[in-house]
Amino acid sequence: QVQLVELGGGSVQARGSLRLSCQASARTTRRYAMGWFRQAPGKEREFAAAINFSGGSTYYADSVKGRFTISRDNTKNTAYLQMNSLKPEDTAVYYCAAAYSDSMCYIRSQDYYYWGQGTPVTVSS
């Protein structure tokens, strides 16, 4: 079982930066991929970024590519989402998720087994 806690959300002005972290409390020796999703008010949850267990494979939604960077530190059981050049349309609740996998990373929410509670990000213009 994997429990996830997101930290680092908040309010920032457009073109600013935030760094989200996702602390995993994993009662397992299995490897897992991690992803970040977001849900804006009145919209469906959407994929933002994903990373495999080793960190050697990452994938980004077109809307965040070049501005967001996903990374992880397996010694700390933590994944990160560095968000730069933020735009008002990035305003959403951001969720991290985990899926058991030795090498893959996933972009579909249904591929993930475990989810955090979410952290809000507000970007003002």
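The structure we're discussing is the one just above.
Throughout, residues of each chain are indexed from 1 in the direction in which the sequence is written. Two thresholds apply to this predicted model, a pLDDT of at least 70 for residue-level local features and 80 or more for giving and counting side-chain atom pairs, whereas whole-chain, interface and lining totals are computed over all residues. To obtain the side-chain values, all non-hydrogen atoms of the structure were included, while hydrogens and water were left out.

Now for the nonpolar core. Each nonpolar core is a collection of buried residues, namely Ala, Val, Leu, Ile, Met, Phe, Trp, Tyr and Cys, held together in the definition by side-chain atoms within 4.5 Å. Working definition: with a 1.4 Å probe on protein chains only, accessible area under 20% of the residue-type maximum means buried, over 50% means exposed, and in between means partly exposed. Ranked by size, the top nonpolar core spans 38 residues in total, and within it Leu 4, Trp 36, Leu 81, Met 83 and Tyr 94 carry the most contacts. For this core, the elements supplying multiple residues, two or more each, are β1 (2-7), β3 (18-26), β4 (32-39), β5 (46-51), β7 (68-73), β8 (78-83), β9 (92-100) and β11 (119-124). Top element by residues in this core is β9. It accounts for seven residues. By the convention used here, residues are in contact when the closest approach between their heavy atoms is within 4.5 Å. Aside from chain neighbours lying at most four places away, what touches Tyr 94 is Glu 6, Leu 20, Trp 36, Phe 37, Arg 38, Phe 68, Leu 81, Met 83, Gly 118, Thr 119 and Val 121. By definition, any uninterrupted DSSP run of H or I lasting at least four residues is a helix, any uninterrupted run of E lasting at least two residues is a strand, and each is numbered from the N terminus.

Even without glycine at this site, Arg 15 takes up a positive phi of about 75 degrees. Mapped onto the elements, Arg 15 comes out in the loop between β2 (10-13) and β3. At Asn 77, a residue that is not glycine, the phi angle is positive and equals roughly 50 degrees. With respect to the element layout, Asn 77 can be found in the loop between β7 and β8.

Another aspect to go through is the environment of Tyr 112. Mapped onto the fold, Tyr 112 is located in the loop between β9 and β10 (114-115). Relative accessible area serves as the criterion here: at 5%, Tyr 112 is assigned to the buried category. Sequence-wise, Tyr 112 and Cys 96 are 16 residues apart; in three dimensions their C-alpha atoms are separated by 9.6 Å. Those residues in contact with Tyr 112 that sit more than four places away from it in its chain are Ala 33, Met 34, Gly 35, Phe 37, Ala 50, Ala 97, Ala 98, Ala 99 and Tyr 106. Think of a polar contact as two N or O atoms within 3.5 Å of one another; within protein, one of them needs to be a possible hydrogen donor and the other a possible acceptor, and neighboring residues in sequence only count if both atoms come from side chains. Polar side-chain contacts of Tyr 112 include one of 2.6 Å to the backbone oxygen of Tyr 106.

To describe a pair of aromatic rings, you give the distance between the ring centres and the angle between the ring planes. Between the rings of Phe, Tyr and Trp (Trp by its six-membered ring), a pair exists once the centres lie within 6.5 Å; its type follows the angle of the planes, with under 30 degrees stacked, over 60 edge-to-face, and the other angles tilted. Under the defined criterion, the tally for this structure stands at 10 aromatic pairs. Taking the centre distance of 6.4 Å and the plane angle of 70 degrees together, the rings of Tyr 32 and Phe 53 count as edge-to-face. With Tyr 32 in strand β4 and Phe 53 in the loop between β5 and β6 (58-60), this pair connects stretches of sequence that are 21 residues apart. Residues Tyr 32 and Phe 53 agree in their burial class; the two are buried. Ring centres of Phe 37 and Tyr 112 lie 5.4 Å apart, and the angle between their planes is 80 degrees; this geometry places the pair in the edge-to-face category. Here the residue Phe 37 occupies a position in strand β4, and Tyr 112 occupies one in the loop between β9 and β10, the gap between them amounting to 75 residues.

A side chain with one charge can pair with a side chain of the opposite charge if their charged atoms come near. For this analysis, a salt bridge means a side-chain nitrogen from Lys or Arg found within 4 Å of a carboxyl oxygen belonging to Asp or Glu. Scanning the model with the defined rule gives five salt bridges in all. Across the salt bridge formed by Glu 46 and Arg 38, the nearest N and O atoms sit 2.7 Å from each other. Residue classification places Glu 46 among the partly exposed residues on the basis of a relative accessible area of 36%. You can call Arg 38 buried: its relative accessible area is 6%. With a closest N to O distance of 2.7 Å, Arg 67 and Asp 90 form a salt bridge. Here Arg 67 is found in the loop between β6 and β7, whereas its partner Asp 90 is found in the loop between β8 and β9, with 23 residues between them in sequence.

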